[in-house]
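This is what each chain is made of:
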Amino acid sequence: VIGSDPSVRGAGFGQALMRSRLERCDGERAPAYLEASEAALIPYYHRFGFEQIGEIDIPVGPTMIPMWRGAQEVNSRGKHGAPWWRPSSRAQLSS
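Here goes a summary of the coordinates provided. Keep in mind the model is a prediction, meaning the values are calculated, not measured. Sequence positions are assigned chain by chain, starting from 1 and proceeding in written order. The predicted origin of the model limits local features to residues at a pLDDT of at least 70 and limits the giving and counting of side-chain atom pairs to 80 or more, whereas totals for whole chains, interfaces and linings rest on all residues. As a convention, hydrogens and water are excluded, and side-chain values are obtained from all of the structure's heavy atoms.

**Quick word on the overall build of the protein chain**
Secondary structure summary: the protein chain contains 2 helices and 5 strands in total. Helix numbering and strand numbering both begin at the N terminus, where a helix is a DSSP run of H or I of at least 4 residues and a strand a DSSP run of E of at least 2. Reading the helices (α) and strands (β) of the protein chain from amino to carboxyl end gives α-β-α-β-β-β-β. Relative accessibility decides the category of a residue: with a 1.4 Å probe and only protein chains considered, values under 20% of the type maximum give buried, values over 50% give exposed, and everything between is partly exposed. Sorting the 95 residues of the protein chain into buried and exposed places 21% on the buried side. The criterion used for residue contact is that any of the two residues' heavy atoms lie within 4.5 Å. Contacts in the protein chain between residues far apart in sequence, at least 24 positions, make up 46% of those at least 6 positions apart.

**Details of the pattern of salt bridges**
Note on definitions: salt bridges are taken to be side-chain nitrogens of Lys or Arg within 4 Å of carboxyl oxygens of Asp or Glu. A full pass over the atoms with the stated rule returns 2 salt bridges. We note a salt bridge from E28 to R24, for which the minimum N-O separation is 3.2 Å. For the pair shown, E28 and R24 are each scored as exposed. Note that D26 is salt-bridged to R69, the shortest N-O span being 2.9 Å. Placement of D26 in helix α1 (residues 13-27) and of R69 in strand β3 (residues 65-69) is noted, with a sequence separation of 43 residues between them. Given a relative accessible area of 3%, D26 falls into the buried group. Taking relative accessible area as the criterion, R69 reaches 5% and is therefore assigned buried.

**Some details on the sheet that holds strand β2 (residues 51-52)**
Neighbouring strands of a sheet are bound in pairs by backbone hydrogen bonds; such pairs are parallel or else antiparallel. Pairing within the open sheet is antiparallel, and its 3 strands lie in the order β1-β3-β2. If you trace the sheet from one side to the other, it starts and ends with β1 (32-36) and β2, each paired once. For two strands to pair, DSSP has to find at least two bridges joining them. Relative to β3, β1 runs antiparallel, the two being bridged by 5 bridges. Bridging across to β3, A32 finds its partner in R69.

**Side note on the nonpolar core**
Buried Ala, Val, Leu, Ile, Met, Phe, Trp, Tyr and Cys residues form a nonpolar core when they are joined through side-chain atoms within 4.5 Å. In this structure, M18, L22, C25, A32, L34, A36, I42, Y45, F48, F50, I65 and M67 together form the largest nonpolar core, which totals 12 residues. Contributions of two or more residues to this core are made by α1, β1, α2 (42-46) and β3. Excluding residues that lie within four positions of it along the chain, F48 makes contacts with Q15, M18, R19, L22 and R69.

**With respect to the packing of aromatic side chains**
The aromatic pairing rule takes the rings of Phe, Tyr and Trp, using the six-membered ring of Trp, and pairs them if the centres are within 6.5 Å, calling planes under 30 degrees apart stacked, those over 60 edge-to-face and the rest tilted. As enumerated under the stated definition, the model contains 3 aromatic pairs in all. Measuring from centroid to centroid gives 6.3 Å for Y45 and F50, while their planes differ by 75 degrees, and the two rings are edge-to-face. Exposure remark for F50: the relative accessible area of 2% places this residue in the buried category.

**Some thoughts on unusual backbone geometry**
The phi angle at R29 is positive, at roughly 55 degrees, despite the residue not being glycine. Tracing the backbone through its elements, the reader meets R29 in the loop between α1 and β1. Among the residues examined, R29 registers a relative accessible area of 45% and is labelled partly exposed.

Bear in mind that shape data such as this cannot, by itself, settle questions of function.
Listed below in structure tokens is the structure:
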């Protein structure tokens with residue numbers, strides 16, 4: 001679970017932590033999954049390459065937004081290229 005205290009939001013700590021974890025995923029050629037707790041966060045996660053794949057309606061709680069990021073190919077200079085794998089169709093989630 002990754003989160004940030006409201007008192008330090010906007011200082012880049014969350015972004016640094018997210019990039020660190022995604023670099024590890026990419027090094028292992030692994031995809032990444034997260035659940036956003038509010039729709040306002042979708043553009044933020046899009047910047048990291050995540051795509052919304054559905055919604056999870058929780059009877060007592062917020063609607064969660066599942067997001068997927070296919071593994072990114074990393075070239076010899078450590079730069080990201082195109083995803084080397086993408087799901088053939090958007091996953092269907094049911095609650």
